[in-house]
Amino acid sequence: QVQLTASGGGLVQAGDSLTLSCAASGFVVSGMAWFRQAPGKAREFVATISYSGHTTEYADSVKGRCTISRDNANKMMYLKMSTLKPEDTAVYYCAANSRPWSSRQQYEYLSWGQGTQVTVSS
């Protein structure tokens, strides 16, 4: 099973930018995604990317402010976030599914990273 390690979170101010990284171990011919979970809320979809990188999808709440990308040669995935808002505060998780296409559905993801905290102050 693929092991994922998320990093890059931190404390930033509203309007700042931040890039999250996800390192994968093992052979990863998988669609991947970022999800997030705010305190007291259910985990929610943020962005997803196919193995080829040709297909990406975003939650409406982050569309236009986030860019998901991947580097298959180095087994890395990224989420570049800009114009951050306090409501973006959450633990961000990267995930890999068992097929090469993208998906918004959490149940399709078999491998999960440990999460990285993003806190946006107003």
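The structure under discussion appears in the preceding block.
Residues numbered from 1 in each chain as written. Predicted model: local features only at pLDDT ≥ 70, side-chain atom pairs only at ≥ 80, totals over all residues. Heavy atoms only, no water.

**Let's talk about the state of the cysteines**
Now for step 1: What the rule picks out here adds up to 1 disulfide.
Now for step 2: With its sulfur 2.2 Å from that of its partner, C22 forms a disulfide with C94. Classification of the bridge connecting C22 and C94 rests on its S-S torsion, roughly 70 degrees, and on that basis the disulfide is right-handed. Of the two residues, C22 sits in strand β3 (residues 18–25) while C94 sits in strand β9 (residues 90–97), which places them 72 residues apart along the sequence. Exposure class is identical for C22 and C94. Each is buried.
Now for step 3: In this structure C66 is a free cysteine whose sulfur lies 15 Å from that of C94, the closest cysteine sulfur available. (Disulfide = S-S within 2.5 Å. Helix = DSSP H or I, 4+ residues; strand = E, 2+ residues; numbered from the N terminus. Buried < 20%, exposed > 50% of the residue type's maximum accessible area, 1.4 Å probe, protein only.)

**Examining the packing of aromatic side chains**
Now for step 1: Evaluated as defined, the whole model comprises 4 aromatic pairs.
Now for step 2: With a centroid separation of 5.9 Å and an interplanar angle of 70 degrees, the aromatic rings of F35 and F45 are classed as edge-to-face. Here F35 is found in strand β4 (residues 32–37), whereas its partner F45 is found in strand β5 (residues 44–49), with 10 residues between them in sequence.
Now for step 3: Classification of F45 as buried rests on a relative accessible area of 12%.
Now for step 4: Aromatic side chains F35 and W112 sit 5.1 Å apart centroid to centroid with 45 degrees between the ring planes, which places their arrangement in the tilted category. Within this pair, whereas F35 is found in strand β4, its partner W112 is found in strand β10 (residues 109–112), the two being separated by 77 residues in sequence.
Now for step 5: Look at F35 and you get buried, because its relative accessible area is 0%.
Now for step 6: Classification of W112 as partly exposed rests on a relative accessible area of 25%.
Now for step 7: Of the aromatic side chains, those joined through ring pairs into one cluster are F35, F45, Y109 and W112. (Phe/Tyr/Trp six-rings, centres within 6.5 Å; stacked < 30°, edge-to-face > 60°.)

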